[in-house]
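Now for the letters of each chain:
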Amino acid sequence: MIELYACNTSNGQRGAVMLAEAELAFHTHILDLKAGQHKTPEFRKINPVGAIPVIIDPDGPGGEPLTLAQTGAICLYIAEKTGRFLPKDPRTRYIAFQYFMQAMSDVVLYSGAYAFSLMRFPEPNVASTKVFKDPLLEHMGYFDQRLADVEFLAGEISIADIALYPAVNQRWELIEESGGLPNLDRWRQMMAARPGIAKGMQAVS
Amino acid sequence: MIDVYTYGTGNGLRVCVAMAECELEYTVHKVDLAKGENTTPEFLKMNPLGSIPVIVDHDGPGGKPLTVSQSASIVLYAAEKSGKFLPSGGEARVLALQWLMFGASDIAGTNNAIFMTTMRAPEKVPAVIEFFEERLYGLFGEADERLDEVEYLAGDISVADLAFYPFVALRKPLLEGREPLTNLARWADAMATRPGVAKGMSAIS
């Protein structure tokens, strides 16, 4: 049984969704970030930098226990451990990596920095939110274009879709306010209907 | 032969470093972002998002050309193509991927947020800039703590070090004004003396 330490942020959701989609048994420990539960000495023993998500897999490489942080690394680890969500065809594999990295670097950055700028400036401050909001929407529009041609980002479902979904879900209101994105919406609804996605999102809620 | 379309940013240089260290046959094409060379129709055909770096490997999987964007996925591509800097299994592989994602998500994201708030924002908000600069310094501190225990991020040199190094080199001014991170400095010196790193870092004049 894998232990998952997470909370209801998009990165926490990614960890839970990945485990649920890969059909691995896991037990979720919800941390209250507002109460600083990720900065306690106990949690720092698990992850010295005090960030979530973290997994502990009692059956890690070589049958030894493994403690692993970094959302993207957890997704890659689970995909390789189970042989799922990484395309077998080498070309499709790199397309999956490409969209996965776009979600894990660009989208995570702009979405997080957008939320931060809103928090920092509760009064509408177009100048500072625009720097993050516009690129975030630009990336979403790019995914929408891609999804006009294919069902999933890499053609077949992969870690790229799993990494992107929580951000799209989290920012859906913003996307709709900005005019909506029909292909991304179709993909979002298809993803939401998957039992693994539903189970993962539920696990940290 | 691999065509590398890139520029002298952290993301742009990590690809040059990876190509050189993996000893792949490649040609660098400078895409001057200041002149908007990333928005030409020719460039947008390779990457509709208009971001660098992009590679075209004329001898991709199955002997067919393959175009890949997203710097971290290109680093993975170079490692897998050459069979270098990424252990094939075990805990060593997991650690290399964990620290690769640290560079791809946390470091590159925060670095980009500093760029956006200092260079792109219509108004500069010192509190926001300072927040992201402190966050980047904090992340460098996490790496410094790690490098107190090990020589390279994953133990042995790996994709993680290649992807991280350009950001440490480019953010030297930020580091110099703060309490020294001696382990990170030792690591950076070791990286800088590697011929592949030196070649990659000087690819964009």
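Not measured: the values here are computed from a predicted model. (Residues numbered from 1 in each chain as written. Chains lettered and ligands numbered in written order. Predicted model: local features only at pLDDT ≥ 70, side-chain atom pairs only at ≥ 80, totals over all residues. Heavy atoms only, no water.)

### A few points about the pattern of salt bridges
Thought 1: Applying the stated criterion across every chain, the model contains 15 salt bridges over all chains.
Thought 2: Of the charged contacts in the structure, one is a salt bridge between Lys35 of chain B and Asp32 of chain B, with a shortest N-O distance of 3.8 Å.
Thought 3: Given the relative accessible area of 63%, Lys35 of chain B is considered exposed.
Thought 4: With a relative accessible area of 9%, Asp32 of chain B lands in the buried category.
Thought 5: One network of salt bridges, with partners in common, ties together Glu80 and Arg93 of chain A together with Glu80 and Arg93 of chain B. (Salt bridge = Lys/Arg side-chain N within 4 Å of Asp/Glu carboxyl O. Buried < 20%, exposed > 50% of the residue type's maximum accessible area, 1.4 Å probe, protein only.)

### Some details on the domain arrangement of chain A
Accessible area lost when the parts come together is the quantity often used to give the size of an interface.
All names here are of chain A.
Thought 1: Assigned domains of chain A: these are domain 1 (2-85 + 197-203) and domain 2 (90-194).
Thought 2: Just the C-alpha atoms count here: the centres of domain 1 and domain 2 sit 22 Å apart.
Thought 3: Carbon and sulfur atoms make up 70% of the surface buried where domain 1 meets domain 2, a total of about 1,500 Å² over both sides.
Thought 4: Among the residues of domain 1 in contact with domain 2, Arg14, Phe85 and Ile197 are the three that bury the most area, contributing 43% of the side total.
Thought 5: One can count 1 salt bridge joining domain 1 with domain 2.
Thought 6: In this structure, the salt-bridge partner of Glu21 is Arg194, at a minimum N-O distance of 2.7 Å.
Thought 7: Counting residues per element, the ones that place at least two in the side of domain 1 that touches domain 2 are helix H1 (10-21), helix H3 (71-82) and helix H9 (195-204).
Thought 8: It is H1 that contributes the most residues to the side of domain 1 that touches domain 2, 7 residues altogether.
Thought 9: Here the side of domain 1 that touches domain 2 is built from residues that sort into 9 nonpolar, 5 polar and 2 charged. (Domains from an automatic or database assignment. Buried area = accessible area lost by both parts, 1.4 Å probe. Helix = DSSP H or I, 4+ residues; strand = E, 2+ residues; numbered from the N terminus. Nonpolar A, V, L, I, M, F, W, Y, C, P; charged D, E, K, R; others polar.)

### Topic: the packing of helix H6 (residues 159-170) of chain B against helix H8 (residues 182-192) of chain B
Residues and elements named next belong to chain B.
Thought 1: Contact geometry for H6 and H8: axes closest at 11 Å, N-to-C directions at 105°. Comparing the axis directions of H6 and H8 gives the class roughly perpendicular. Taken together, the residues of H8 that come into contact with H6 (itself represented by Asp161, Leu162, Phe164, Tyr165 and Val168) are Leu184, Trp187, Ala188, Met191 and Ala192.
Thought 2: Here the residues of the contact of H6 with H8 are counted per class, giving 9 nonpolar, no polar and 1 charged. (Axes fitted to C-alpha atoms, helices over the stretch in contact; angles between N-to-C directions. Parallel < 35°, antiparallel > 145°, perpendicular 65-115°, else oblique. Contact = heavy atoms within 4.5 Å.)

### Some remarks on the domain arrangement of chain B
Residue and element names in this part refer to chain B.
Thought 1: Each assigned domain of chain B is listed here: domain 1 (2-85) and domain 2 (90-194).
Thought 2: Using only C-alpha atoms to locate each centre, domain 1 and domain 2 end up separated by 21 Å.
Thought 3: Contact residues are listed per partner, giving 15 residues for domain 1 and 15 residues for domain 2.
Thought 4: Taking both sides of the interface into account, the surface hidden between domain 1 and domain 2 amounts to around 1,200 Å²; carbon and sulfur atoms contribute 72%.
Thought 5: If you sort the residues of domain 1 by the area they bury against domain 2, Arg14, Glu21 and Phe85 come out on top, with a joint share of 45%.
Thought 6: The tally of links between domain 1 and domain 2 comes to 2 salt bridges.
Thought 7: The partner of Glu80 in a salt bridge is Arg93, with the nearest N and O atoms 3.8 Å apart.
Thought 8: For the interface between domain 1 and domain 2, the tally reads 4 residue pairs in polar contact (both at pLDDT 80 or more).
Thought 9: Here the element with the most residues in the side of domain 1 that touches domain 2 is helix H1 (residues 10-21); it accounts for 7 residues. (Polar contact = N/O pair within 3.5 Å; in protein donor to acceptor, adjacent residues only side chain to side chain.)

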